[in-house]
Amino acid sequence: MKMDLLQLIQEIKQLPDQEAVHYAASYGVELSIKEVQQLRPLLDEVSFTWLFTGIPSVFIEKITSIIGYEKTMLYMEQYKLQ
């Protein structure tokens, strides 16, 4: 996980929906308002230790159920998370 990804996660958690969508897009991450709203509770589960241990598959499954398999795999590759 890159530090810019951690910044993106923090901003999505704090910004109003529409601003979060635009902010994510500036990182090349296309999300709808509905996706942002559904992702927010999951973002509290993100752990710095995942830098060393990897992202748990159960968390990836949760993300996939919200944004879909293709987008999940695209962003994981984009941010070199797999």
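All residue numbers here refer to positions counted from 1 along the written sequence of the relevant chain. This being a predicted model, a pLDDT of at least 70 is required before a residue's local features are given, and a value of 80 or more before pairs of side-chain atoms are given or counted; all residues contribute to the totals for chains, interfaces and linings. Side-chain figures throughout are based on the complete set of non-hydrogen atoms in the structure, without hydrogens or water.

Caption draft 1: Molecular detail of the overall build of the protein. Numbered from the N terminus, helices here are DSSP runs of H or I no shorter than four residues, and strands are runs of E no shorter than two. Tallying secondary structure elements over the protein gives six helices and zero strands in all. When the helices and strands of the protein are placed in sequence order, the string is α-α-α-α-α-α. Considered along the principal axes of its C-alpha atoms, the protein spans approximately 30 × 25 × 20 Å. Only protein chains enter the calculation, and the probe is 1.4 Å; a residue is then buried if its accessible area is under 20% of its type maximum, exposed if over 50%, and partly exposed in between. Within the protein, the fraction of its 82 residues that count as buried is 34%. Residue contacts are defined here by distance: any two heavy atoms, one from each residue, within 4.5 Å place the two residues in contact. Sequence separation of 24 or more characterises 48% of the internal contacts of the protein that already satisfy a separation of 6 or more. Taking the 7 positively charged and 11 negatively charged side chains of the protein as two groups, their mean positions are separated by 2 Å. A positive count includes Lys and Arg, and a negative count includes Asp and Glu. His and the chain ends are not counted in either. By convention, the point assigned to a charge is CZ for Arg, NZ for Lys, CD for Glu and CG for Asp.

Caption draft 2: Structural detail: the packing of helix α5 (residues 57–67) against helix α6 (residues 69–78). The axes used here are C-alpha line fits, helices contributing only the stretch in contact, and every angle between their N-to-C directions lies in the interval 0 to 180 degrees. For the pair α5 and α6, interaxial distance at closest approach is 7 Å and the crossing angle is 125°. On the basis of their axis angle, the class for α5 and α6 is oblique. Contact residues: I60, I63, T64 and I67 in α5; Y69, K71, T72, M73, Y75 and M76 in α6. Residues are grouped as follows: nonpolar covers Ala, Val, Leu, Ile, Met, Phe, Trp, Tyr, Cys and Pro; charged covers Asp, Glu, Lys and Arg; every other residue, Gly included, is treated as polar. Residues of the contact of α5 with α6, tallied by class, amount to seven nonpolar, two polar and one charged. These descriptions rest on fixed angle ranges, namely under 35 degrees for roughly parallel, over 145 for roughly antiparallel, 65 to 115 for roughly perpendicular, and the rest for oblique.

Caption draft 3: Region of interest: the environment of E19. Topologically, E19 is positioned in helix α2 (residues 17–26). As for E19 and G54, which are separated by 35 residues in sequence, their C-alpha atoms are 29 Å apart.

Caption draft 4: Layout of α5. All of the buried residues in α5 are F59, I60, I63, T64, I66 and I67. Around the axis of α5, the buried residues are gathered within 165° of arc, so they sit on the same side. Relative to its buried face, α5 has exposed residues pointing more than 90 degrees away, namely S57, E61 and S65. Close packing links the buried residues of α5 with α3 (33–43), α4 (50–53) and α6. To be clear, the arc concerns the directions from the helix axis to the C-beta atoms.

Caption draft 5: Examining the packing of aromatic side chains more closely. For Phe, Tyr and Trp, where Trp contributes only its six-membered ring, two rings pair if their centres lie within 6.5 Å, and the inter-plane angle classes them as stacked under 30 degrees, edge-to-face over 60, or tilted in between. Taken as a whole and assessed by the stated rule, the structure comprises three aromatic pairs. Ring centres of Y23 and Y27 lie 5.2 Å apart, and the angle between their planes is 45°; on these two criteria the pair is classed as tilted. Relative accessible area serves as the criterion here: at 21%, Y27 is assigned to the partly exposed category. Between the aromatic rings of F48 and F52, the centroid separation amounts to 6.2 Å while the plane-to-plane angle is 75°, which identifies the pairing as edge-to-face. In this structure F52 comes out as exposed when scored by relative accessible area, which is 68%.

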